[in-house]
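Residues per chain, in single letters:
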Amino acid sequence: ASEQREDVVKERSNVVKHPRTWSEDDVARWLENALRGRALACLQRLPRGTDGKILCRWPLSRFNQLCDNKQLGNLLFQDLRLHMNGKDICHPKTAHNHRP
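Residues numbered from 1 in each chain as written. Predicted model: local features only at pLDDT ≥ 70, side-chain atom pairs only at ≥ 80, totals over all residues. Heavy atoms only, no water.

### Things to note about the confidence of the model for the protein
Selection rule: Known as pLDDT, the predictor's per-residue confidence is scaled from 0 to 100. Only heavy atoms matter for contacts: two residues are in contact if any of them lie within 4.5 Å across the pair.
The predicted model of the protein averages 82 in pLDDT, with 72% of residues at 70 or higher. Across residues 7-11, where pLDDT falls below 50, the model places 0 contacts with residues more than four positions away in sequence or in other chains. Low pLDDT, under 50, characterises residues 89-100; the predicted model gives this stretch 19 contacts beyond four residues in sequence or across chains.

What follows is the structure, encoded as structure tokens:
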């Protein structure tokens, strides 16, 4: 019986969280790994206290401002939208293991 419980716990831990539930650290991990590391430069301009709830409300223009690059901001905005729609397969805590 305990073996079955362990399997259930493992299955649940693989569930991808919606970005609005991300902590400030989760957002930072996502930025570190988003777009195969191309968004890392944006991390230093991320305002302190930005969690997933705040991030999900940002308009495209805010991503462009964050990245100081319209093309990169657009790609980052699209990447977040994929996560929000459940189409992305990695969770920020495991993104370093993700190789698209």
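### Digging into the packing of aromatic side chains
To keep things clear, this is the line we draw: Between 30 and 60 degrees the pair is tilted, below 30 it is stacked and above 60 it is edge-to-face, where a pair is any two Phe, Tyr or Trp rings, Trp via its six-membered ring, whose centres lie within 6.5 Å. Partly exposed residues are those whose accessible area sits between 20% and 50% of the maximum for their type, while under 20% is buried and over 50% is exposed, using a 1.4 Å probe and protein chains only.
If you walk through the whole model with that rule in mind, you get 3 aromatic pairs. Judged by centre distance (5.8 Å) and plane angle (45 degrees), the ring pair of Trp-22 and Trp-30 falls under tilted. Taking 5.3 Å as the distance between ring centres and 70 degrees as the angle between the ring planes, the aromatic pair formed by Trp-58 and Phe-63 counts as edge-to-face. In this structure, Trp-58 and Phe-63 share a single accessibility class: buried. Put simply, the rings of Trp-58, Phe-63 and Phe-77 touch in pairs and so form one group of aromatic residues.

### Regarding the pattern of salt bridges
We count it as follows: For this document, the term salt bridge refers to a Lys or Arg side-chain nitrogen within 4 Å of an Asp or Glu carboxyl oxygen. Labels follow the DSSP assignment, with helices taken as runs of H or I lasting at least four residues and strands as runs of E lasting at least two, numbered in each case from the N terminus.
In total, this model carries 2 salt bridges according to the counting rule given. The residue Lys-17 makes a salt bridge to Asp-26 at a minimum N-O spacing of 3.1 Å. According to the relative accessible area criterion, Lys-17 is partly exposed, its value standing at 31%. Among the salt bridges present, the one from Asp-26 reaches Arg-29, with a minimum N-O distance of 2.8 Å. Of the two residues, Asp-26 and Arg-29 both sit in helix H2 (residues 24-33), 3 residues apart, roughly one turn of that helix. Of the residues examined, Asp-26 reaches a relative accessible area of 1% and is grouped as buried. Judged by relative accessible area, which is 26%, Arg-29 ranks as partly exposed. Among the ionic contacts, a cluster of salt bridges with common partners joins Lys-17, Asp-26 and Arg-29.

### Concerning the side chain of Asn-64
Here is the rule we go by: The definition of a polar contact used here is a pair of N or O atoms within 3.5 Å, where within protein one atom must be able to donate a hydrogen and the other to accept one, and adjacent residues in sequence count solely through side-chain atom pairs.
Take Asn-64: it is sitting in helix H5 (residues 60-67). Given the relative accessible area of 15%, Asn-64 is considered buried. Among the polar contacts listed, one links the side chain of Asn-64 to the backbone nitrogen of Asn-74, at a separation of 3.3 Å.

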